[in-house]
Amino acid sequence: MTRAEFNYDFPHQRLVSITDLNPLDVDILFERAEHWLSVCRTPSKKADALRGLTQINLFFEPSTRTQASFAIAGKRLGADVVNFSAASSSTSKGETLLDTVRTLSAMNPDLLVVRHKACGAAKFISDATGIAVVNAGDGMNEHPTQALLDAFTLTQRLGPLGGRRILIVGDILHSRVARSGVQLLNILGAQVRLCAPSTLLPLDADRWGADVFHDLDDALEGCDAVMALRLQRERMAAGYIPSSREYFRFYGLTHQRMETAHPEALVLHPGPMNRGVEIDGALADDEERSLILDQVEAGVAMRMAVLEAIGTLARSNEARR
Amino acid sequence: MSERFAILNARLVDPASGRDEAGGLIVEHGVITELGQAVKGSRLVDDGFDGEMIDARGAILAPALIDLRAAIEPAWTPGGETLDSLVAAASAGGIGTLVLAPNDAMALDTPETLRAFKSEFRPRPIRLHLAGGATRDLAGETMAEIGLMTEVGALYVSQGDNAIADTRVLRNLLSYASGFETFVALRPCDATLGAGAIATESEWAARLGLAAEPSITERLAIDRAAALAELTGGKLIIDRVSTDEGCTALARARRRGLEIGATAAIAHLTLNDVDAADLSASKRITPPLRGEEDRLALVEAIRSGLIDAIVSDHRPLPDATQDQPFGDAAPGSIGVESLLGALLGLVHDSQLDLIEALRPVTSGPADLLGLKQGRLEAGAPADMAIIDGDAPWVFHAADSHSNRRNAIFEGRRFQGQVLKLFVNGAMVFTSDN
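Residues numbered from 1 in each chain as written. Chains lettered and ligands numbered in written order. Predicted model: local features only at pLDDT ≥ 70, side-chain atom pairs only at ≥ 80, totals over all residues.

Draft legend 1. Representation of the pairing of strand S5 (residues 165-169) of chain A in the model. Residues and elements named next belong to chain A. Here S5 lies mainly inside the structure; 5 of its 5 residues are buried. Note: S5 against strand S6 (residues 191-195), 5 bridges, orientation parallel. Counted as the bridge partner of valine 169 is cysteine 195 from S6. Once the chain exits S5 it traverses helix H6 (residues 176-187) before rejoining the sheet at S6, and the crossover so formed is right-handed. (Buried ≥ 20, exposed ≤ 12 C-beta atoms within 10 Å, placed from the backbone. Helix = DSSP H or I, 4+ residues; strand = E, 2+ residues; numbered from the N terminus. Pairing = 2+ DSSP bridges. Right-handed = clockwise from strand over helix to strand, strands pointing away.)

Structure follows, in structure tokens:
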């Protein structure tokens, strides 16, 4: 049964975790993202879906691309967007997180886009304020809009992801992108693979609905797409891997390595990239294979879709009150 | 050596199969092709065998020895052990496969170092392998490039004599190495409990006022490492078990089905702390000599198969580090040339039978690390030693092929000597000349 055959609207007042979504919700977001993607490619990108609503981007962790992506998405939908970043925030003056968000909520924003280093922060803020929250990354837990935009980008090129073999390679252990990504790809029926050195894989990763590999060449076999995750330098200092050259030798994506994958296999990276660590520069720049810039473009469209769905609901809830 | 030869009238002793019988053996192109009672000179003559026939005159024909732990000194050390002197000593000791393992003087902790060493191995008559340093400078803090070293050919990685104090480092090390199917060899010691110890806590050590560690140090270390190996799926070698407590902990870990290998050093199987009572520098080794009950437990662990390999723990040291009081002397002893003699001493004393004694220097280490040699069977590489099991001799470091003199077995009477050593079908040592 498709959504057209019965009446179903996006029901969620917040987006904290991919587990909140069912396949129909994802369908709706993909449909709207596709719409916004085409709008964004025209000279008149402005819409008024969120006109009159106030969106606060509450980033307690430094971010350039995600914050910009959410700000542009909100502005294109007509919302009033305010950026609140940790460096200038009152939490750096000793205020508790709870007091900060209560203060901001007294200003009656309609949407909060939250990034915080603590796992569960987005849910905490949403529960504490009752405001519609979009999780833009909470610790190592989740980054749902990244998962959505990645899957959407792939869908644009491959069609439905059901049965497609998709590999995520890199620091799975510390990655909120991977945690959200695996869940979403499972919802979409993809065949998910994970590959990393043992130190960067959670012990129970094989129970996530993914096949686990330590050898990248084995993992790449027959893959339709592969996503390299960013390897943070502090992981080396913390002793998870010995050196970046060893990491690149065994886990770096290169054209040569990609030969074991499907001949037209695609490459993704959530950014920011370390060229020559998790991905070879030449592969990242290969327009035939690399979707890295497509991901960034799709990111704005997908965030417009998410903000629109949640903002519309927030507006109608307020009207009802 | 011709491409085809036979050794006849031998006592074939093969721990891998349990074979101990009179017979002969045929080698073609470096590989054993046939062996057993049926291989006799008369038959070969009838068959028109055109290769050389070597008469063993009833001597033992066993697999060449495999020694998983020997050290070499840094190049250009004045008077130091060189690859040449080490290989000469090892082959005179019946060793056909020798692993150079890291220590504080030679951490072997980068793929570049390993590759440079390997480039010098090729013309040598015996099989040389390297174990890589598990952490940088063996400091137990930062993991070395285990993947690249494994790719360059490290047979396993080792932490040398050093403990890893940080449990998270140890966890990551075992976890990471498991991804490359690489064994991590750890001496069962504790960073703080054993710090500065030069002896084992005992009445003897107490009377002499030696800084000593309790033998439960080994138990603690083995329990800890085994628990982490279980958690991570890591492949662990307990490198030089030396106490009863250590054997008990090892047996406990094995019962849990863990893939844990273990070695023991020949000195701990044949000497005890009373041997060190003269406080001579040559008796100073790491781990320190233990009590007699520990030695007996080790012998039993060899008999039961709990310990996979016996190592020489060959460690050449400059004279200046040995012309010192016991407490100040550098620990370590040369050992490749005395390994077999000391081992056969356990056989002559009826503590082990010949097969039990030879297993941990042949098929034991070979099976642990997946080596093809270390056995007498058709299809195996012709790595073999002809041994006169009874020949009496006295070990003097001055007569040794090794360049160093720090020998824990100095002046020891042995019975059993290598007559000929073959590696890959080539005779690489003979006592004739």
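The rest of the description comes next.
Draft legend 2. Spotlight on the sheet that holds strand S9 (residues 266-268) of chain A. All names here are of chain A. Strand order in this open sheet of 5 strands is S7-S6-S5-S8-S9, and the pairing throughout is parallel. Each of the sheet's edge strands pairs with one partner strand only, and the pair in question is strand S7 (211-213) and S9. Neighbour-to-neighbour, the strand axes of this sheet turn through a mean angle of 20°, independent of strand direction. By the bridge criterion, 3 bridges tie S6 to S7 in an arrangement that is parallel. Note that in S7 the partner of cysteine 195 across the bridge is phenylalanine 213. Those strands touched by helix H5 (residues 144-158) are strand S8 (225-228) and S9, and its axis lies near 160° from that of S9. (Axes fitted to C-alpha atoms, helices over the stretch in contact; angles between N-to-C directions. Contact = placed C-beta atoms within 7 Å.)

Draft legend 3. Structural view of unusual backbone geometry. Note that the residue after glycine 271 of chain A, namely proline 272 of chain A, is joined by a cis bond; omega there is -10°. Looking at where proline 272 of chain A falls in the secondary structure, it is placed in the loop between S9 and helix H11 (281-284). Threonine 286 of chain B connects to proline 287 of chain B through a cis peptide bond whose omega is -10°. With respect to the helices, strands and loops of the structure, proline 287 of chain B is situated in the loop between helix H9 (266-270) and helix H10 (292-304). In this structure, asparagine 9 of chain B is a non-glycine residue whose phi angle is positive, near 55°. Inspection of the secondary structure assignment puts asparagine 9 of chain B in strand S1 (residues 4-14). Its identity is not glycine, yet aspartate 313 of chain B carries a phi of approximately 50°, on the positive side. Tracing the chain through its elements places aspartate 313 of chain B in the loop between strand S15 (309-311) and helix H11 (319-322).

Draft legend 4. Looking closely at helix H5 (residues 167-178) of chain B. Residue and element names in this part refer to chain B. Along its 12 residues, H5 runs 17 Å from first to last C-alpha, staying within 8% of the 16 Å computed at 1.5 Å per residue. Among all positions in H5, only Leu170, Asn172, Leu173, Leu174, Ser175, Tyr176, Ala177 and Ser178 are buried. Of the surrounding elements, those touching the buried residues of H5 are helix H4 (146-152), strand S9 (154-158), strand S10 (183-186), helix H7 (216-232) and strand S13 (235-238). (Expected span 1.5 Å × (residues − 1).)

Draft legend 5. Structural detail: the sheet that holds strand S14 (residues 260-265) of chain B. All names here are of chain B. If you walk across this open sheet you meet the 8 strands as S6-S7-S8-S9-S10-S13-S14-S15, and the pairing is parallel. Each edge of the open sheet carries a strand with a single partner, namely strand S6 (65-70) and S15. Pairs of neighbouring strands in the sheet enclose a mean axial angle of 30°, with direction left out of account. The pairing of strand S7 (residues 95-100) with strand S8 (residues 127-133) spans 4 bridges and is classified as parallel. From the neighbouring strand, threonine 97 faces S8, where its bridge partner is arginine 127.

Draft legend 6. Representation of the pairing of strand S2 (residues 80-85) of chain A within the structure. All names here are of chain A. In this sheet, S2 lies alongside strand S1 (residues 54-59) in parallel orientation, the contact comprising 6 bridges. Paired with threonine 54 across the two strands is aspartate 80, which belongs to S2. You can see the chain leave S1, run along helix H2 (residues 65-76) and come back into S2, and the turn it takes is right-handed.

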